[in-house]
Structures are given as structure tokens and as C-alpha cells.
Amino acid sequence: VFTLSGSMRQTLQILRQKGLRAYFGMKKYICTSNVPKEAVFKLFDSLIRPVAGYGCQIWLPGTRLIKCIIQNTPSKMPDITSDPIEKLHLSSLKWSIGVSKQTSNAAIYGDSGRIPVILSLVKQFVNFFNRLSMLENTATDCIVRHAFSEQKRLRLPWYTATVRLLERLDPRDAYTKDQKKNTLPNSLLCEHNAEKWFKQAWNEECQTNRKLHFYCSFKKSIQIEPYITECSYKTGKAVAKLRMSCHGLNIETGRYGSNYNKKHLRCCPTCTDMNAMEYIMELPGEHNPIVEDEVHVLKDCPLYIDIRKDLDSTIQENISQEVWDPIFQKENVRKTANVISRMLKLRFPKQDSDC
């Protein structure tokens, strides 16, 4: 869809709608409890991404994510994930993992080992630009060559945005003047630098997002987690909810809306008299309430003392020392997932750990 202003916003919305049709068609025949999550990711790449990414050579420079890279300014996750096609990608990831729409996007990228769809199209886009550049040097009388020459001569938005993007992703400071003129951008290098830029933005989001305080205490890089591949859908879902802080524990339910200033609502209902704590929090001086967060549930809360006994002594020791990374490793994650699933089921019996 072309507009007089050159905006690709309507195009992206139409592609998202087409991608949604393919997405719902896939969901119609897939039961996430029986299909491995990795297989669902591959199905997205095979069935949905080609539909949503159609014509990316034209609209890619107009996306919000690419503009963030071009401007080279500190980018927040909402800016990166605001493009319609990326919203579709995140919806698919959250559905396959089994978490709610409100789950942190940074945590979804981190545990699934995925990057934004738009960045996965960078290589394809750069190769297209290189073909146009080579075509310009030929005597071929075709409309594509003339269109590209006009873009370049008039410095139209598509061409100028592409040049600025390539300057960011394939810097040529070490090149001579002749090399800069005669050497085409390296598509693999552009793809690598785009991913590197995103990983830096992801790391900044993890460090600054208060909701991810527990998550960033053990998650240091974007890579698929063992619970994605090793656990059943139900237990893996429980692990994802606890890791990503998209559960129903009071640390979450007590931080939003009208409850934001009512700090006593974040306390553990098992370890605290909630009515008494409401009055105690109003007294002058410092207070150290027992907050119902992920660490308290895994380590201290007496409600789950019998469940913790089923863990190996090594895992129990790691939990007591608040060393979280080993309990989510491949050799321990199934036992950890079973325990977390039982904990959430005990805490939220009516929801059957879907909290």
C-alpha cells in the first residue's frame, strides 16, 4: 500500500492482519501441551514470518525499530516492540510459552532465545540493496534500475534511511575512500551488528525494569532456556511465570493501580497478619515487612516446606544461598519445575497454577 506521504504504517497493519490469519490458522491445529515449544517457534518462522515479512525490502526502513537503530539513541523496549509485526511475533511467543499478554517482553526474548522479526529480515534487506547497487552500474533498461537511480538522485526517504542504517550497521572507518566507494555492505556483518545492538538494549531493559529484579539476578544473555525444551507444558509454564514475574503473588498484585501505595498488600499472607501490617506500615520509622516475592516463596515461606523436601540437597543448598542459575540448568530443571508447579497450585488452588 503506497501513500502520498511515503508512510508504510498502513502497509504494516495490513501485513499484520495477514499474519494474524496465518497465526490463527496455525493455532487451530496445534495443542501447545503436546507440541514442543521449539517446534512452534519453527512453525512461526516457516508459516507466519514469510507472510508478515512480505516486501520487507520496501517497508523495513520505515519501522520503529529500524528508526531506533538509525538515531543511535538509548532505546526502551516499548519502542522496539511497537511495530505491528513484532506485536504479532510476541503474541505467538507468549502463547506458546503459556504466559499472559502482560508478561515482560524482555523476559520473553531472553528465555525463548529469539530476536525481533524485523532484525531477522536485515540480511535479506541488505542483499536487496546490494543487488540494486550492482544493477545501477549496468546498462540494463528496467524500471527497477531507474527507480533506484531516482531514489539516489533525489535523496528520497527510503534511500536516505537505508544509507543511514548501513552506516550504523556496517561502519567503514577502516576503509579507504576507494574501498568505501567500491565495497558493498556486508549483509552478515549488518545482521550481526543489528543483533548486537538489540542485545545491548535488552540488557539495559533487564537492569532498569523493577519487575525483572528477580529475573536479572540470574539471566545474563539471550538464549533458549532448558525449561523450554525439557519440561512439560504445564510445569514449564509454571517456571516461566515465576521467572518472569507474571504470577499472582502479592509482589505483583500489590504494585499496580490503587494498590500501589498500599505496601502491606505486598506482604506474604502466610507469614503476616495483613490487617495488623496495614496499621504498622502507617507508624513512623522503618519497617521490614515479609514480602511475598519469588525469593520468599522458593526459600523461606513455611507454606511450602513439605514441597521443598522433595528437592535434591544440592538444589536446596543453591536455593538457601540464593544461587538461582544452577536450579534452572538442564540437569535440575525438571525437578525444579515440578516443585514450582506444586507451589503455585498450593498457593492458587482454584487456578491450578494458571496464575
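For the structure itself, look to the data block above.
Along each chain, numbering runs from 1 in the same order as the chain's sequence is written. Reporting in this predicted model follows two pLDDT cut-offs: at least 70 for local features of residues, and 80 or more for side-chain atom pairs to be given and counted; totals over whole chains, interfaces and linings ignore these cut-offs and use all residues. Side-chain numbers come from the whole structure's heavy atoms, not from hydrogens or water.

A few points about the pattern of salt bridges
The rule for a salt bridge is simple: a side-chain nitrogen of Lys or Arg has to be within 4 Å of a carboxyl oxygen of Asp or Glu. On inspection of all chains with the given rule, the structure shows 16 salt bridges. Here K211 makes a salt bridge to E252, at a shortest N to O gap of 3.7 Å. Of the two residues, K211 is situated in the loop between α13 (187–208) and α14 (226–230) and E252 in helix α16 (residues 250–253); the sequence distance between them amounts to 41 residues. Only protein chains enter the accessibility calculation, which uses a 1.4 Å probe; a residue is then buried when its area is under 20% of its type maximum, exposed when over 50%, and partly exposed in between. Here K211 falls in the buried class, since its relative accessible area comes to 15%. Overall, E252 belongs to the buried group, its relative accessible area being 4%. Ionic pairing is found between D310 and R342, a salt bridge with its closest N-O pair at 2.6 Å. Here D310 is found in the loop between α19 (305–308) and α20 (313–320), whereas its partner R342 is found in helix α21 (residues 333–347), with 32 residues between them in sequence. With a relative accessible area of 46%, D310 lands in the partly exposed category. Numbered from the N terminus, helices here are DSSP runs of H or I no shorter than four residues, and strands are runs of E no shorter than two.

Remarks on empty space enclosed by the protein
The way it works is a 1 Å grid over only the protein atoms, where trapped points that fit a 1.4 Å probe form a cavity and open points with protein on both sides within 12 Å along at least five of seven lines form a pocket, and then any residue with an atom within 4 Å of a point lines it. Grid points are joined across faces, edges and corners, and a volume is the space filled by probe spheres set on the points. Within the structure shown, the criterion is met by one cavity of 30 Å³ or more. Considering only enclosed or pocket space, the largest cavity measures out at about 40 Å³ in volume. As for the largest cavity, its lining consists of L298, L311, I315, I319, I327, T336, V339 and I340. Secondary-structure elements contributing two or more residues to the lining of the largest cavity are α20 and α21. With three residues, the single largest contributor to the lining of the largest cavity is α21. Grouping the constituent residues of the lining of the largest cavity by class yields seven nonpolar, one polar and no charged. Each residue gets one label: Ala, Val, Leu, Ile, Met, Phe, Trp, Tyr, Cys and Pro are nonpolar, Asp, Glu, Lys and Arg are charged, and the others, such as Gly, are polar.

Examining the packing of aromatic side chains
Each aromatic pair joins two rings of Phe, Tyr and Trp (for Trp, the six-membered one) with centres within 6.5 Å, and gets the label stacked for planes under 30 degrees apart, edge-to-face for over 60, and tilted for any other angle. By the definition in use, this model includes 13 aromatic pairs. With centroids separated by 5.1 Å and ring planes inclined at 85°, the aromatic side chains of Y109 and F198 adopt a geometry described as edge-to-face. On the criterion of sequence distance, the pair formed by Y109 in helix α7 (residues 105–112) and F198 in helix α13 is long-range, its members being 89 residues apart. Assessed through its relative accessible area of 0%, Y109 is described here as buried. Judged by its relative accessible area of 0%, F198 is buried. Aromatic pair F129 and W158: ring centres 6.3 Å apart, planes at 45°, arrangement tilted. On the criterion of sequence distance, the pair formed by F129 in helix α9 (residues 122–136) and W158 in helix α11 (residues 157–169) is long-range, its members being 29 residues apart. Note on F129: relative accessible area 7%, which makes it buried. According to the relative accessible area criterion, W158 is buried, its value standing at 14%. Members of the aromatic cluster, connected to one another through ring pairs, are F125, F129, F148, W158 and Y159. The positively charged end of R243 is found above the aromatic ring belonging to F328, 4.8 Å away from the centroid. Note on geometry: a ring has a charge over it if NZ (lysine) or CZ (arginine) is within 6 Å of the ring centre and within 35 degrees of the ring normal.

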